[in-house]
Amino acid sequence: MGYVMEGRDEFLGRRVAIKTMHQHLCDNPRIFERFLREARAMAAIDHPNVVRILDAFDWEGLPVMVMEHIDGEPLSALARRERPMRPHRVGALLRGALRGLAAAHAHGIFHRDIKPDNLLVVIDATGESSIKIIDFGLAHVEGQEGHTRLGSAVGTLRYMSPEQVRGQGDIDARADLYSLGTLCWELLAGRYPWKDVQDDLGLRERIVTTPLPPLPPTITSAWALWIERMTAKDRQERPKDAADAYQCLPQDAPDPAPLTAPNPTVAAPPDTLPSGAPRERNIAHHAFQRWAAAALSLALLLAATGSALGDDAPLLTRTVTYSACAIIALEIALGSLLRRKGRP
């Protein structure tokens with residue numbers, strides 16, 4: 001219907017996003033009204049998780065919408081890189097999406113086209129990943145005359161709710177919740193739930209009649225139950241709106257255990273230490289203790305021998321005897337070292 005360009009607000013010195021219609025569509029009253037409806041819906045919502053509209057005007061018959069410039073990427077791009085996505089990551093992103101939807105639902109605005117391409121992943125003020133909801137071109141405002149013919153399906157088929165597929169005219173907030181529940185299943189499982197269906201007719205039948213497949217066994221039951229509620233075929237069984245769905249969103253929990261067991265930890269022998277300087281200091285300390293013991297043994301042997309020989313013993317006898325004592329002490333020290341070879 002239209003296209004988006006990057007622009008610059010020269011007066012305020014900031015980047016902006018400019019959306020306009022293709023020239024050949026401007027004469028179509030329905031498409032023109034849809035463009036205006038999107039601008040008015042976005043202007044009614046002032047929330048950090050919804051893209052902000054800054055201005056809208058007619059430029060020589062061409063409708064123009066000026067929006068905040070967002071440095072982010074579509075959730076679809078992130079999902080392709082992180083497939084499957086960890087539950088705590090999914091939870092953080094869904095909280096942003098639900099907060100934005102809750103603001104829209106509080107104004108009676110139903111998006112009707114929630115899908116990965118319409119959720120931009122941005123870094124919020126806390127440094128965490130969050131969501132900006134964009135493209136309210138198919139939004140319906142509660143209480144206004146319907147712009148969709150009864151029996152016509154509005155939205156992206158892969159993420160439509162059963163009532164959208166059937167073409168019901170009374171679409172409400174619960175259709176957005178079904179879309180978000182399907183998206184959540186896809187993020188956690190790493191694939192679209194009905195990827196085996198090749199044609200639109202078969203896909204419509206699955207959406208209307210068949211519950212979503214079971215999630216991988218690594219996903220907790222809390223997530224499975226939440227998605228089951230969000231994607232109930234009977235919308236009366238779903239949360240009433242995004243604020244209600246936010247309240248029952250599974251809280252952050254530790255990620256499931258990895259599928260492959262970690263390398264076993266081998267306990268170090270009691271007489272060893274980690275490598276590096278501490279080990280070297282330990283070896284030097286033990287060596288000092290051994291030589292100190294040898295020196296002490298030598299001193300004791302010399303003292304005992306000197307006492308036994310007395311002062312009258314010949315000099316040669318005392319010299320030979322003291323040498324023998326020193327040799328014995330050295331043998332004690334060397335023997336200790338050899339027995340402990342390879343040990344600190």
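About the cut-offs
Residues numbered from 1 in each chain as written. Predicted model: local features only at pLDDT ≥ 70, side-chain atom pairs only at ≥ 80, totals over all residues. Heavy atoms only, no water. Helix = DSSP H or I, 4+ residues; strand = E, 2+ residues; numbered from the N terminus. Buried < 20%, exposed > 50% of the residue type's maximum accessible area, 1.4 Å probe, protein only. Polar contact = N/O pair within 3.5 Å; in protein donor to acceptor, adjacent residues only side chain to side chain. Contact = heavy atoms within 4.5 Å. Axes fitted to C-alpha atoms, helices over the stretch in contact; angles between N-to-C directions. Parallel < 35°, antiparallel > 145°, perpendicular 65-115°, else oblique. Left-handed = near helix turned anticlockwise from the far one by under 90°. Nonpolar A, V, L, I, M, F, W, Y, C, P; charged D, E, K, R; others polar. pLDDT = per-residue confidence, 0-100. Arc of directions from axis to C-beta.

(A) View of the side chain of serine 76. When you line up the elements, serine 76 lands in helix H2 (residues 75–81). Accessibility expressed as a relative area gives 12% for serine 76, which makes it buried. Within the structure, serine 76 has its side chain in polar contact with the side chain of aspartate 117 (distance 2.5 Å). Dropping the residues within four chain positions of it, serine 76 is found in contact with Pro116 and Asp117.

(B) Representation of the packing of helix H3 (residues 87–106) against helix H5 (residues 173–189). Interaxial distance between H3 and H5 falls to 11 Å at its minimum, and their mutual angle equals 165 degrees. Between H3 and H5, the crossing angle belongs to the class labelled roughly antiparallel. Handedness of the crossing formed by H3 with H5: right-handed. Between H3 and H5, the residues in contact are Pro87, Val90, Leu94, Ala97, Leu98, Leu101 and His105 and Ala173, Asp176, Leu177, Leu180, Cys184, Leu187 and Leu188, respectively. For the contact of H3 with H5, the class distribution of residues is twelve nonpolar, one polar and one charged.

(C) Spotlight on the confidence of the model for the protein chain. In the predicted model, the protein chain carries a mean pLDDT of 79, and 70% of its residues have values of at least 70. Confidence drops under pLDDT 50 across residues 253–288; counting only partners more than four residues distant or on other chains, this segment forms 19 contacts. Predicted confidence for residues 315–322 stays below pLDDT 50, and this span has eleven contacts to residues more than four positions away or in other chains.

(D) Spotlight on helix H6 (residues 200–209). Among the residues of H6, those classed as buried are Gly202, Leu203 and Ile207. When H6 is viewed along its axis, its buried side chains cluster within an angular range of 135 degrees and face the same direction. Structural note: H6 exposes Leu201, Glu205 and Thr209 on the side pointing more than 90 degrees away from its buried face. In this structure, the buried side of H6 is in contact with helix H4 (162–165) and H5. Between the side-chain oxygen of the N-cap and the backbone nitrogen of leucine 201 there are 3.3 Å, and the N-cap of H6 in question is aspartate 199.

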